[in-house]
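Given next are the chains, with one letter for each unit.
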Amino acid sequence: MPRAYGSEQIAFREVAGLGRGINILGYDGIWEGAENAPFRLENLTAIQRAGFSHVRINFFGFKHMDSDNILDEAVLKRLDRVIEEVFARKLIPILDEHDTDFCQRYISGCAEKLKSFWKQIASRYAGKYPALLFEILNEPGGHMTSAEWNSLLNECLGIIRVTNPERTVIVAVLNTDDAPIDELVLPAGDRKLIVTFHYYAPIRFTHQGAPWSRTFSTIRPLDWGAREDEARVVADFTRINLWSQREKRPIYLGEFGVYERAPSESRQRYLSFVARNADRFGWAWAYWQFDHDFAAFDSVRQTWNWDVLHALMPSAQ
């Protein structure tokens, strides 16, 4: 882990405490009041027993807003319950605003909704759930430039800090192929920040066979694991880590994964190599994702997909 001093040590300790995690609840009926659709809150016990330390809650807040961008109280109460159930399993929750598609296409509309979202969420949780982390926005990018993202993230951060001056907040690098971390502009005096990026390179391998993509649906089978494949991961991670050391900002690998149509052995090699190298750099990480596609867990059979779990967590029983 990079050496950090004074207040900078706090965020690095937060990352160490986050450890290994998994993404949950992005595409689930729980927000509309359904039960076991397909995620079951009792699955949090399986997550904890497998050795994970945190969950990243993928929350699409915008669709639960009215015409004045006010969040539905019934949905917020469900969010409260999820957070409390996470804490009950001694897991750490990250609340991630996940409206990626909208924000990558409609910059001004995103800004309005995102600022309203964080004003309400920050007020709701002010002085409550101190171990809960906020993540301002999943995968900013698309039509959004680095300059526009820097402006928006700092506005949102300012909103959060009014009521949550000590809350740890996760801020993303612009989500492009080259993850331009050097372009990220953060307030120098705010050391309760963790910087996140996502990793799916090479995307032709990690997304091969994905049926929602005209580009990737017909690609298969592609293998992974040659020396040059591993060297690319190491080079990409080293570049991020050099920035982390220079800026004394901790890193969170918030997503990585391989779609299930990839050859099984290559999928396992990739997941293991990425996870172990994130560990080696002292980063926290979260696998994408618990269920649905890229799934680590079979919701129908209520059991882990053991090849995926063992690649991520070799000691899992």
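Trainee: When you look at the pairing of strand 5 (residues 169–172) in this model, what are you seeing that I'm missing?
Mentor: Put simply, side chains in a regular strand alternate between the two faces of the sheet. Covered by surrounding structure in strand 5 are V169 and V171 together with I170 and A172, the residues of both alternating faces. Alignment of strand 4 (residues 133–135) against strand 5, held across two bridges, turns out to be parallel. Among the inter-strand pairings, F134 is bridged to a residue of strand 5, identified as V169. With helix 6 (residues 146–163) bridging strand 4 and its parallel neighbour strand 5, the resulting β-α-β unit is right-handed. Summarising the sheet, strand 5 and strand 6 (residues 193–199) pair through four bridges and their orientation is parallel. Looking at the pairing, V171 lines up with V195 of strand 6.

Trainee: I keep staring at the side chain of R267 and nothing clicks. Help me out?
Mentor: Mapped onto the fold, R267 is located in helix 9 (residues 264–280). On the accessibility criterion, R267 (7% relative accessible area) is buried. Once residues lying within four places of it in the same chain are set aside, the contact partners of R267 are F205, V258, Y259, E260, A262, Y287, F294, A295 and V308.

Trainee: What exactly am I supposed to notice about helix 5 (residues 107–124) here?
Mentor: The periodicity of an α-helix, 3.6 residues per turn, causes residues three or four positions apart to be oriented the same way. Relative to the 26 Å expected for 18 residues at 1.5 Å per residue, helix 5 spans 25 Å between its end C-alpha atoms, a close match to the ideal helical length. Structurally, helix 5 contributes buried residues whose contacts are with strand 2 (54–59), helix 3 (73–88), strand 3 (92–97), helix 4 (100–105), strand 4 and helix 6.

Trainee: Got a minute to help me understand the environment of I170 in this structure?
Mentor: Within the secondary structure, I170 is located in strand 5. Judged by its relative accessible area of 0%, I170 is buried. Contact partners of I170, with chain neighbours within four places excluded, come to I94, L133, F134, E135, I136, I194, T196 and Y252.

Trainee: Honestly, the packing of helix 8 (residues 227–247) against helix 9 in this entry has me stumped. Any pointers?
Mentor: The angle between the axes and the distance between the axes are what describe a pair of packed helices. Helix 9 packs onto helix 8 with a crossing angle of 30° between their chain directions and a minimal axis gap of 11 Å. Crossing hand, helix 8 versus helix 9: right-handed. For the pair formed by helix 8 and helix 9, the contact residues are E230, V233, V234 and F237 on the first element and F273, V274, N277, A278 and R280 on the second. Residues that form the contact of helix 8 with helix 9 fall into these classes: six nonpolar, one polar and two charged.

Trainee: Just checking my understanding: could you explain helix 8 for this structure?
Mentor: Taking 1.5 Å per residue as the helical rise, helix 8 with its 21 residues ought to reach 30 Å, and the 30 Å between its terminal C-alpha atoms agrees with that figure. What helix 8 keeps buried is the set V233, F237, I240, N241, W243 and S244. Looking down the long axis of helix 8, one finds its buried residues gathered within 155° of arc, a one-sided arrangement. Opposite the buried face of helix 8, at more than 90 degrees from it, the exposed residues are R227 and E228.

Trainee: Please explain the nonpolar core as it appears in this structure.
Mentor: The nonpolar side chains of soluble globular proteins are, as a tendency, buried together. Counting 98 residues, the largest nonpolar core has I47 and I136 as its most contacted members. Sorting elements by how many residues they give to this core places helix 5 first, with seven residues. Among residues more than four places away in sequence, those in contact with I47 are I22, I24, F39, F52, V55, L91, F290 and W304. Residues L133, I170, I194 and Y252 belong to the second largest nonpolar core, which totals nine residues.

Trainee: Help me understand the sheet that holds strand 7 (residues 251–256) in this model?
Mentor: Adjacent strands of a sheet pair through backbone hydrogen bonds, lying either parallel or antiparallel. Taken in spatial order, the eight strands of this closed barrel run 1-2-3-4-5-6-7-8, and their pairing is parallel. Across the sheet, the axes of successive neighbouring strands diverge by a mean angle of 25°, strand direction being ignored. Sheet topology places strand 1 (residues 20–24) next to strand 8 (residues 284–287); three bridges connect them, and they run parallel. Each bridged residue has a counterpart across the sheet, and for G21 the counterpart in strand 8 is A286. Set on the sheet, helix 5 makes contact with strand 2, strand 3 and strand 4; between it and strand 3 the angle comes to about 150°. In the packing of helix 6 onto the sheet, contacts are made with strand 4, strand 5 and strand 6, and the angle to strand 5 comes to roughly 170°.

Trainee: Please clarify how the packing of aromatic side chains should be interpreted in this entry.
Mentor: What describes a pair of aromatic rings is the distance from one ring centre to the other and the angle between the planes of the rings. Taken as a whole and assessed by the stated rule, the structure comprises 29 aromatic pairs. Seen from their ring centres, W31 and F59 are 4.9 Å apart, and the 75° between their planes marks the pair as edge-to-face. With W31 in the loop between strand 1 and helix 2 (43–49) and F59 in strand 2, this pair connects stretches of sequence that are 28 residues apart. According to the relative accessible area criterion, F59 is buried, its value standing at 0%. Ring centres of F62 and F102 lie 5.8 Å apart, and the angle between their planes is 90°; this geometry places the pair in the edge-to-face category. In this pair, F62 is assigned in the loop between strand 2 and helix 3 and F102 in helix 4, connecting sequence segments 40 residues apart.

Rules used in this analysis
Residues numbered from 1 in each chain as written. Predicted model: local features only at pLDDT ≥ 70, side-chain atom pairs only at ≥ 80, totals over all residues. Heavy atoms only, no water. Buried < 20%, exposed > 50% of the residue type's maximum accessible area, 1.4 Å probe, protein only. Helix = DSSP H or I, 4+ residues; strand = E, 2+ residues; numbered from the N terminus. Pairing = 2+ DSSP bridges. Right-handed = clockwise from strand over helix to strand, strands pointing away. Contact = heavy atoms within 4.5 Å. Expected span 1.5 Å × (residues − 1). Axes fitted to C-alpha atoms, helices over the stretch in contact; angles between N-to-C directions. Left-handed = near helix turned anticlockwise from the far one by under 90°. Nonpolar A, V, L, I, M, F, W, Y, C, P; charged D, E, K, R; others polar. Arc of directions from axis to C-beta. Core = buried A, V, L, I, M, F, W, Y, C linked by side-chain atoms within 4.5 Å. Phe/Tyr/Trp six-rings, centres within 6.5 Å; stacked < 30°, edge-to-face > 60°.

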